[in-house]
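Notes for the structure review
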Amino acid sequence: MTALLDAARAVVLTADPTGKANAARACVAAWRAGALTLEPVSEPWPDRPGRPEKPLLLSPTAMPRRTAGGVRGRIALLHAVAHIELNAIDLAFDMVGRFLHAPEIAANPAFADDWLGVGDDEARHFLLLSTRLAALGAAYGDLPAHDGLWETATKTADDLGARLAIAPLVHEARGLDVTPPMIAKLRRGGDDASAAALEVIHREEVGHVAAGVRWFAHVCAARGQDTTVTFRHYVRETYRGSLKPPFNLEARAAAGFPVSFLPSDGIPHA
């Protein structure tokens, strides 16, 4: 039998985007079929995922302004979301590979179940968006993209609490806020198929944020920490920026996101 962490490493190191998404789905299917073990492995976990030659990766501040309307605007929007979903595949599998044997988790199979499930969703999302880009005469890699999401992984590589606070509870939770306006914009532009794709993503990412809330609370309890104080600490110390309204309180509530995590002025307070 194969170790789960070996299979997860292979997903992270796959450079071809479609190949990565398919490898992710195959890994999750093997896990669910009982074909992967929880044993630790001796190989070091990779610092960076495999990436294709395109898209060109820029710093967030160097990204060109996104085209506003028309087909080009829809392509730019979908390309940006596809890039987020590709990074999200790696973040989910990195969560498993890097932290499955952390003291607070101790190879709990429920942790693997949750984050592999997230990775499977993200892979489906990437493939769905790739299909929509192709229908518009484009492909992932046609436009530049930023590397800010993997900066999050690097900054939180040594602290499971920080990773949970920033990846699902800041970045993915922000997706709950900003995706509905994107859906409305696509519908106004007559692109109902792309809007439907984002509706799938929005609905399923409520569950991803819920997994983040659940495991963040688990880690805080294991460490004897208050969740609100600890979350605000991580945002102050690790996140480049602040939490800014408007917040989609309905979607966040569906994910169990604590209102106490959200400062009224966007600045986390101790």
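This one's a predicted model, so the numbers in the text were calculated from it and none came from an experiment.

1. With respect to the overall build of the protein chain
Counting secondary structure elements, the protein chain contains nine helices and four strands. A globule of 270 residues ought to have a C-alpha radius of gyration of about 18 Å, and the protein chain, at 18 Å, matches this closely. Principal-axis analysis of the C-alpha atoms gives the protein chain an extent of 50 × 45 × 30 Å. For the protein chain, the residues scored as buried account for 51% of the 270 residues in total. Each charge class in the protein chain can be summarised by its mean position, and for the 28 positive and 31 negative side chains these summaries are 7 Å apart.

2. What about the packing of aromatic side chains?
Two numbers describe a pair of aromatic rings. These are the distance of the centres and the angle of the planes. According to the stated counting rule, one finds eight aromatic pairs in the structure shown. For the pair F111 and W215, a centre-to-centre distance of 5.2 Å together with 85° between the ring planes defines the contact as edge-to-face. On the criterion of sequence distance, the pair formed by F111 in helix 4 (residues 109–135) and W215 in helix 7 (residues 192–223) is long-range, its members being 104 residues apart. As far as the burial class goes, F111 and W215 line up, both buried. The interplanar angle of 90° and the centroid separation of 6.1 Å between the aromatic rings of F231 and F257 together place this pair among those described as edge-to-face. Here F257 lies in the segment after helix 9 (249–254) and F231 lies in helix 8 (residues 227–238), a separation of 26 residues in the sequence. Residue F257 is classed as buried on the basis of its relative accessible area, which comes to 5%. A network of ring pairs unites the aromatic residues F216, F231, F257 and F261 as a single cluster.

3. Here we look at the side chain of T156
Within the fold, T156 resides in the loop between helix 5 (148–155) and helix 6 (160–188). A relative accessible area of 1% means that T156 is categorised as buried. Within the structure, T156 has its side chain in polar contact with the backbone oxygen of T152 (distance 2.8 Å).

4. Regarding the nonpolar core
Counting residues in each nonpolar core, the largest one holds 73 residues, and the members touching the most others are F93 and F231. Put simply, the parts of the chain that give this core at least two residues each are helix 1 (4–13), helix 2 (17–32), helix 3 (70–99), helix 4, helix 6, helix 7 and helix 8. Those residues within four positions of F93 in sequence are excluded, and the remaining contacts are A8, V11, V12, A24, C27, V28, W45, L116 and G119.

5. Observations concerning helix 5
Looking at helix 5, one finds that the buried residues are G148, L149, W150, T152 and A153. The secondary structure elements touched by the buried residues of helix 5 are helix 3, strand 4 (145–146) and helix 6.

6. Quick notes on the environment of V206
On the secondary structure map, V206 appears in helix 7. The class of V206 is buried, set by a relative accessible area of 16%. With sequence-adjacent residues up to four places away left out, V206 is seen in contact with L176, A251, A254 and A255.

7. Observations regarding the packing of helix 5 against helix 6
Packing of helix 5 against helix 6 brings their axes to within 9 Å, and their N-to-C directions diverge by 155°. Viewed along their axes, helix 5 and helix 6 adopt a mutual orientation that is roughly antiparallel. Every pair of crossing elements has a handedness; the one defined by helix 5 and helix 6 is right-handed. On helix 6, the residues that touch L149, T152 and A153 of helix 5 are R163, I166, A167 and H171. Tallied by class, residues from the contact of helix 5 with helix 6 come to four nonpolar, two polar and one charged.

8. Let's talk about the pattern of salt bridges
Within the structure shown, the criterion is met by 20 salt bridges. One salt bridge in this structure joins D114 and R214, with 2.9 Å as the shortest N-O distance. Highlighted residues: D114 in helix 4 and R214 in helix 7, separated in sequence by 100 residues. For R187, the salt bridge goes to D192, with nearest N and O atoms at 3.0 Å. On the accessibility criterion, R187 (35% relative accessible area) is partly exposed. Via salt bridges that share partners, K20, R51 and D90 belong to a single interconnected network.

9. Comments concerning the side chain of D177
Counting through the fold element by element, D177 comes out in helix 6. Non-local contacts of D177, meaning those with residues more than four positions away in its chain, are made with P246, F247, N248 and R252.

Conventions used here
- Sequence positions are assigned chain by chain, starting from 1 and proceeding in written order.
- Confidence filtering applies because this is a predicted model: local features only for residues at pLDDT of at least 70, side-chain atom pairs given and counted only at 80 or more, and all residues used for totals across whole chains, interfaces and linings.
- Derived side-chain values reflect all non-hydrogen atoms in the structure, with water molecules and hydrogen atoms excluded from consideration.
- Counting from the N terminus, the helices are the DSSP runs of H or I reaching at least four residues and the strands are the DSSP runs of E reaching at least two.
- The reference for a compact globule is 2.2 Å times residues^0.38; the radius of gyration itself is calculated from the C-alpha atoms.
- Remark: exposure states derive from per-residue accessible area (1.4 Å probe, protein chains only) relative to the maximum for the residue type, with buried under 20%, exposed over 50%, and partly exposed in between.
- We count Lys and Arg on the positive side and Asp and Glu on the negative side, and we leave His and both chain ends out.
- Charge coordinates come from a single atom per side chain, which is NZ of Lys, CZ of Arg, CG of Asp or CD of Glu.
- Note on ring pairs: Phe, Tyr and Trp rings are taken, using the six-membered ring of Trp, and paired if centres are within 6.5 Å. Classes follow the plane angle, with under 30 degrees stacked, over 60 edge-to-face and the rest tilted.
- Throughout this description, a polar contact denotes any pair of N or O atoms lying within 3.5 Å of each other; where both atoms belong to protein, one of them has to be capable of donating a hydrogen while the other can accept it, and for residues adjacent in sequence the pair is counted only when both atoms sit in side chains.
- Put simply, a nonpolar core is a bunch of buried Ala, Val, Leu, Ile, Met, Phe, Trp, Tyr and Cys residues held in one set by side-chain atoms that sit within 4.5 Å of each other.
- In what follows, residue pairs with any heavy atoms lying within 4.5 Å of each other are defined as contacts.
- Every axis in this analysis is a line fitted to C-alpha atoms, fitted for helices over the stretch in contact. Angles between the N-to-C directions lie between 0 and 180 degrees.
- Note on angle classes: values under 35 degrees are labelled roughly parallel, values over 145 roughly antiparallel, values of 65 to 115 roughly perpendicular, and the remainder oblique.
- Two helices cross in a left-handed way if the nearer one is turned anticlockwise from the farther one by less than a right angle. They cross in a right-handed way if the turn is clockwise.
- Following the grouping adopted for this structure description, the nonpolar residues are Ala, Val, Leu, Ile, Met, Phe, Trp, Tyr, Cys and Pro, the charged ones are Asp, Glu, Lys and Arg, and the polar ones are all others, Gly among them.
- Think of a salt bridge as a Lys or Arg side-chain nitrogen and an Asp or Glu carboxyl oxygen that are within 4 Å of each other.

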